[in-house]
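Structure assessment
What follows is the residue order along each chain.
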Amino acid sequence: MPTEFVPSGPDFERSNQKVTPMAPIYSCEGCGYRGAPFGQRRGDEVLSYCGWVDGQPVCAGKGKANAS
Ligand SMILES: [Zn+2]
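Scope of this entry: the structure provided in the associated data block.

Counting eight residues, the largest nonpolar core consists of Tyr26, Cys28, Cys31, Tyr33, Ala36, Tyr49, Cys50 and Cys59. Among all residues touching cysteine 59, those that are not within four sequence positions of it are Cys28, Glu29, Gly30, Cys31, Tyr49, Cys50 and Gly51.

Written as structure tokens, this is what we have:
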């Protein structure tokens, strides 16, 4: 899942340029749950999952549970 960036606060100015602070939102690889709290590095990328079982990040289906 690509990491999504969302504004995390009010704009401010730095060197006469307007800057919008951005925060990353990680989506679960399995279900797309936004704000997946558990990340696992694999090579150059970090995979994110919504659950944690037996010491490993896994998809717990949180995104699907909330889907309408
Ligand atoms: Zn998931």
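We now examine unusual backbone geometry. We note that serine 15 has phi near 55°; this positive angle belongs to a residue other than glycine. Of note, serine 15 is situated in the loop between β2 (12-14) and β3 (17-19). Unusually for a residue other than glycine, aspartate 54 sits at a positive phi of about 50°. Following the sequence through the fold, aspartate 54 ends up in the loop between β7 (51-53) and β8 (56-58). The exposed category is assigned to aspartate 54, around which 5 C-beta atoms lie within 10 Å.

Alignment of strand β5 (residues 38-42) against strand β6 (residues 45-49), held across five bridges, turns out to be antiparallel. Residue pairing in the sheet places arginine 42 in a bridge with glutamate 45 of β6. The hairpin turn running from β5 into β6, its antiparallel successor, is two residues long, and glycine 43 in that turn takes a positive phi close to 65°.

Topologically, methionine 22 is positioned in strand β4 (residues 22-25). Distance in space between the C-alpha atoms of methionine 22 and glycine 9 is 7.5 Å, their sequence separation being 13 residues. Each residue touching methionine 22, except ones within four places of it in the same chain, is listed here: Phe5, Val6, Pro7 and Ser8.

The rules behind these values
- Residues numbered from 1 in each chain as written.
- Predicted model: local features only at pLDDT ≥ 70, side-chain atom pairs only at ≥ 80, totals over all residues.
- Core = buried A, V, L, I, M, F, W, Y, C linked by C-beta atoms within 7 Å.
- Buried ≥ 20, exposed ≤ 12 C-beta atoms within 10 Å, placed from the backbone.
- Contact = placed C-beta atoms within 7 Å.
- Helix = DSSP H or I, 4+ residues; strand = E, 2+ residues; numbered from the N terminus.
- Pairing = 2+ DSSP bridges.

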